[in-house]
Amino acid sequence: MIRISSIKLPKELWAQCLFWLCFFLFEWLNTGAYLDNFQQSLCQISVQLPLLIVAGYWHLLVTVRHFLLHGRMTAFWISLTGGLVIFGVLRRVINYTWIYPLYYPAALEKPFWYAPKILAEAMQLHLVVGLFVVVDLIRHALRQQQLSETYRREKVSAEYQLLQSQVQPHFLFNTLNNLTSVSIQQPDKMPNLLQRLAGLLSYQLHESHRDKVPLSKEIAYLKDYISLEQIRYGDRLDIQMNFNYLAGTTHVMVPPMLLLPFVENAFKHGAAQTEGQCWIQINLSLNDKRLIFSVENSVQTDAPVPFGSGLGLTNLKKRLEILFTESYELVTMPEEGQFLAVLKFNIN
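Fair warning: this is a prediction, and the values are worked out from it, not measured in the lab.

Undergrad: Provide a residue-level description of the confidence of the model for the protein, including the pertinent values.
TA: Per-residue confidence for the protein gives a mean pLDDT of 78; residues scoring 70 or more make up 82%. For the protein, per-element mean pLDDT is lowest for helix H4 (residues 115–185), which scores 72, and highest for strand E5 (residues 290–298), which scores 90.

This is the structure:
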C-alpha cells in the first residue's frame, strides 16, 4: 500500500496545482456572489476547469517551452493559432451542450457556429491560460536567476581559492631565492632564517585557507617575514613599522595574506635592487572601520616602476576585485628615488 504522505511532487507541480486551486476558488466565489447562486457557479467552473487545465498545459509545454523558447517561431504561431481555434470551439461545445441548456436557454437561439461567440469563448479561456503561462514563466525565470547567482558565487569562490592558493608557492619561491643568496654569502645566519621560515609556513598551513583571520595574526606574520628579509640585508636596510594601534583591536578580521604582496614588492624592487643604503616604511591604521595600509620604499632612480607586473601583484588585484568589488582603493605613486603603494578597504 502506498501512503499519500510518501508521495513527493516536484515544487513546480505544487506551484501549478496551487494556481489552479486559487483560480477555482476565486471563480467559484466571485461568480457565485455575482449570480447569488453558488451552486450554479460551482457547476459551471467544475465543467469548464478540465478544459482550462488541458489548454494551459498545451500552451505552456508545447507552444511556449517546446517551440517559443527554442526559437521555432513558425511552429509557435501555428500552435498558438490552432490552440485559440480548437480550445475556443471545445469551450463552445461545453457551454452549448451542458451550461446553456441548464442556466441560459436563451443563448441557444444563436447557432453553434456563430463566429463572435466562438471568438469570445476563445478569448475568455485564453485570458486564464495566458495568466497561467505568465505566472509559470516568471517562477521559472526567478528560479533560473537564483541558479545563475548560485553558479556565479561558486565560480567566484573557486577563482578566489585558486588565487589564494597561488600566493603560497609564489611566496615560497621568493623566500627560497633569498635563502639561496644568504646561504652563500652569510651561512651562519641560516639556522635563524630556517626557524622563521618554519613559522611562516606554519601560518600558511593553518591560517591561510580561512576566509578571514585576526588582523593581529596577519601583522605578526608580516613581522616574521620582514625579520627574515632583514637578516639578509643587515644594517644597510632601514625599515620602519607603525603597528602600535593594534592594541585593543583583536576583533578586527581581514583576508589572510592580503598585505604580503605590498611588503614583498618593497623588498623585491627596492632593497634587492639597491647596492647601498635603502629604506622601507610600513604604516597600518584603522579609521572609522576603514583599514589603510601603506608601504613606501626607496628605489634606484633608473629602476622601472615596481608595481606594474608580477604574479603576486596580478593575483592581488584579482583578489581585491573579488573581495571588495569597487569598495576598495589601491593607489600607487612612483616618484624619483621612492615608491608608495596605499591600500584602503572596509574591514566589514
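Let us keep going from here.
Undergrad: Before we move on, can you summarise the side chain of His126 with the specific residues and values?
TA: Secondary-structure assignment places His126 in helix H4. If near-sequence neighbours (up to four positions away) are discounted, His126 is found in contact with His59, Gly83, Leu84 and Phe87.

Undergrad: Outline the pattern of salt bridges, listing residues and values.
TA: In the structure shown here, the tally under the stated rule is 4 salt bridges. Of the charged contacts, one joins Asp136 and Arg65 as a salt bridge, the two residues approaching to 2.7 Å between their closest N and O atoms. Taken together, the residues Asp136 in helix H4 and Arg65 in helix H2 (residues 38–67) connect sequence positions 71 residues apart. Residue Asp136 is classed as buried on the basis of its relative accessible area of 4%. Since its relative accessible area comes to 23%, Arg65 is described here as partly exposed. Across the pair Glu329 and Arg290 runs a salt bridge whose closest N-O atoms are separated by 3.3 Å. Here Glu329 is found in strand E6 (residues 328–335), whereas its partner Arg290 is found in strand E5, with 39 residues between them in sequence. When salt bridges with common partners are traced through the structure, they connect Arg65, Asp136 and Arg139 into a single cluster.

Undergrad: Outline the nonpolar core, supporting the account with residue identities and numerical values.
TA: Grouped together as the largest cluster of nonpolar side chains are 48 residues, with contacts concentrated most on Val263, Phe267, Ile282 and Phe293. No other element matches helix H6 (residues 215–233), which puts 9 residues into this core. Beyond its immediate sequence surroundings of up to four residues, Phe293 is in contact with Leu222, Phe243, Leu259, Phe262, Val263, Ile282, Asn283, Leu284, Ala341, Val342 and Leu343. Within the second largest apolar cluster, 18 residues are counted, among which are Trp20, Phe24, Val64 and Ile94.

Undergrad: Tell me what's going on with the packing of helix H1 (residues 11–35) against H2, and back it up with residues and numbers.
TA: The geometry of H1 relative to H2 is characterised by a closest axis approach of 9 Å and an angle of 145 degrees between their N-to-C directions. The two elements H1 and H2 meet at a crossing, and its hand is right-handed. Here the residues of the contact of H1 with H2 are counted per class, giving 16 nonpolar, 8 polar and 3 charged.

Undergrad: Can you tell me about helix H7 (residues 260–269), naming the residues and giving the values?
TA: Helical geometry note: an α-helix holds 3.6 residues per turn, so side chains three or four residues apart project in the same direction. Of all 10 residues making up H7, 9 are buried, and the element is well covered by its neighbours. Looking at H7, one finds that the buried residues are Leu260, Pro261, Phe262, Val263, Glu264, Asn265, Ala266, Phe267 and His269.

Undergrad: An account of the side chain of Asn297 is requested, with residue identities and associated values reported.
TA: Here Asn297 is to be found in strand E5. With a relative accessible area of 2%, Asn297 lands in the buried category. Ignoring sequence-local partners within four residues, the contact set of Asn297 consists of Ala266, Gly270, Trp279, Ile280, Gly337, Gln338 and Phe339.

About the thresholds
Residues numbered from 1 in each chain as written. Predicted model: local features only at pLDDT ≥ 70, side-chain atom pairs only at ≥ 80, totals over all residues. Heavy atoms only, no water. pLDDT = per-residue confidence, 0-100. Helix = DSSP H or I, 4+ residues; strand = E, 2+ residues; numbered from the N terminus. Contact = heavy atoms within 4.5 Å. Salt bridge = Lys/Arg side-chain N within 4 Å of Asp/Glu carboxyl O. Buried < 20%, exposed > 50% of the residue type's maximum accessible area, 1.4 Å probe, protein only. Core = buried A, V, L, I, M, F, W, Y, C linked by side-chain atoms within 4.5 Å. Axes fitted to C-alpha atoms, helices over the stretch in contact; angles between N-to-C directions. Left-handed = near helix turned anticlockwise from the far one by under 90°. Nonpolar A, V, L, I, M, F, W, Y, C, P; charged D, E, K, R; others polar.

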